[in-house]
Amino acid sequence: MTELYNDIVLDHYRKPRNAGVLEDADAVGKAENSACGDVLHLYLRIDDSRVQAARFQTFGCAVAIAAGSRLTEMVLGLTLAELGGIRRQDVADALGGLPPMKVHCSVLAEDAIHAALKDFGNR
Ligand code: FES
């Protein structure tokens, strides 16, 4: 399996960054892939309209774990507008690319951002 993935994906899969719940989150986004059933939760602390902290949890595949981990690094310091502009391709690029059959896993990250932004707007 590991020969499918580049070193960035494997590193984030093996040593996920910012895993777990962010207790004082201002926004929580949940995304689910209806095809495979994998789930990603994104927790954000937002202050001065910028992301100050991010954590994630996933019940998912290796790429879902890597995408959640990389996403929590990517979003730090971003404005809400910048956050909303992140697309699955940005996540895939930040992971050094994904094999074609795993590109859909990066969709979880984009969907979790949008869910978190919606949650933030509803508070
Ligand atoms: Fe479901 Fe990767 S196989 S998100």
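Sequence positions are assigned chain by chain, starting from 1 and proceeding in written order. Reporting of local features is limited, given that this is a predicted model, to residues whose pLDDT is at least 70; pairs of side-chain atoms are given and counted only at 80 or more, and all residues count toward the totals for whole chains, interfaces and linings. Calculation of side-chain values draws on the structure's entire complement of heavy atoms; hydrogens and water are dropped beforehand.

Draft legend 1. Broad picture of the environment of Leu42. Checked against the element boundaries, Leu42 lands in strand E2 (residues 39-47). As a C-alpha pair, Leu42 and Gln89 span 47 residues in sequence and 18 Å in three-dimensional space. Any two residues whose heavy atoms approach within 4.5 Å are treated as being in contact. Excluding residues within four positions of it along the chain, Leu42 makes contact with Ala27, Val28, Gly29, Arg55, Leu71, Thr72, Ala112, Ile113 and Ala116. Labels follow the DSSP assignment, with helices taken as runs of H or I lasting at least four residues and strands as runs of E lasting at least two, numbered in each case from the N terminus.

Draft legend 2. Quick peek at the nonpolar core. For this analysis, a nonpolar core means a set of buried residues of the types Ala, Val, Leu, Ile, Met, Phe, Trp, Tyr and Cys, connected via side-chain atoms within 4.5 Å. Burial here depends on accessible area, computed with a 1.4 Å probe over protein chains only, as a share of the maximum for the residue type. Under 20% is buried, over 50% is exposed, and the range in between is partly exposed. Counting residues in hydrophobic clusters, the biggest one holds 36 residues, and the most contacted among them are Leu44, Val75, Ile86 and Val91. It is helix H2 (residues 62-74) that contributes the most residues to this core, eight residues altogether.

Draft legend 3. Molecular detail of H2. Given the number of residues in a helix, its expected span is that number minus one, multiplied by 1.5 Å. Here H2 spans 18 Å end to end across 13 residues, near enough to the 18 Å set by a 1.5 Å rise per residue. Residues Ala62, Val63, Ala64, Ile65, Ala66, Ala67, Gly68, Ser69, Leu71, Thr72 and Met74 constitute the buried set of H2. Contacts from the buried residues of H2 go to helix H1 (7-14), E2, strand E3 (50-59), helix H4 (88-94) and helix H5 (103-122).

Draft legend 4. How the structure looks around H5. Between the first and last C-alpha of H5 there are 30 Å, a value that for 20 residues agrees with the 28 Å anticipated at 1.5 Å per step. Within H5 the residues assigned to the buried category are Cys105, Ser106, Leu108, Ala109, Glu110, Ala112, Ile113 and Ala116. Along its buried surface, H5 packs onto strand E1 (27-32), E2, H2, helix H3 (80-84) and H4.

Draft legend 5. Main features of the packing of H2 against H5. For helices, the fitted line uses only the C-alpha atoms of the stretch in contact; every axis is such a line through C-alpha atoms, and the angle between N-to-C directions lies from 0 to 180 degrees. Running from N to C, H2 and H5 cross one another at 40°; their axes reach a closest spacing of 8 Å. Here H2 lies oblique to H5, going by the angle between them. Two packed elements cross with a definite hand, and for H2 against H5 that hand is right-handed. Together, Val63, Ala64 and Leu71 of H2 and Cys105, Leu108, Ala109 and Ile113 of H5 make up the contact between the two elements. Residue classes follow a fixed rule: Ala, Val, Leu, Ile, Met, Phe, Trp, Tyr, Cys and Pro count as nonpolar, while Asp, Glu, Lys and Arg count as charged, and any other residue, Gly among them, counts as polar. Taken together, the residues of the contact of H2 with H5 break down into seven nonpolar, no polar and no charged. If an angle is under 35 degrees, it is roughly parallel; if it is over 145, roughly antiparallel; if it lies from 65 to 115, roughly perpendicular; otherwise it is oblique. Crossing chirality is assigned from the near helix's rotation relative to the far helix, an anticlockwise turn below a right angle marking it left-handed and a clockwise turn marking it right-handed.

Draft legend 6. Up close: the packing of H1 against H2. In contact at an axis separation of 8 Å, H1 and H2 are set at 90° when each is read in the N-to-C sense. With respect to H2, the element H1 is oriented roughly perpendicular. Across the interface between the two elements, Val9, His12 and Tyr13 from H1 touch Ala62, Val63, Ile65, Ala66, Ser69, Arg70 and Glu73 from H2. Taken together, the residues of the contact of H1 with H2 break down into six nonpolar, two polar and two charged.

Draft legend 7. A look at the pairing of E1. Of the two faces of E1, the one lined by Ala27, Gly29 and Ala31 is fully buried and the one lined by Val28, Lys30 and Glu32 carries no buried residue. Of the strand pairs in this sheet, E1 and E2 are connected by six bridges, and their pairing is antiparallel. Within E2, the residue paired with Glu32 across the bridge is Val39. At least two DSSP bridges between two strands are required for those strands to pair. Taken together, E1 and the strand that follows it, E2, pair antiparallel across an intervening segment of six residues, in which Gly37 is found at a positive phi of about 85°.

Draft legend 8. Just the environment of Val75, in detail. Mapped onto the secondary structure, Val75 falls in the loop between H2 and H3. Taking C-alpha positions, Val75 is 22 Å from Asn6, a pair spaced 69 residues apart along the chain. When near neighbours in sequence (up to four residues on either side) are disregarded, Val75 contacts Leu44, Val51, Ala54, Leu83 and Ile86.

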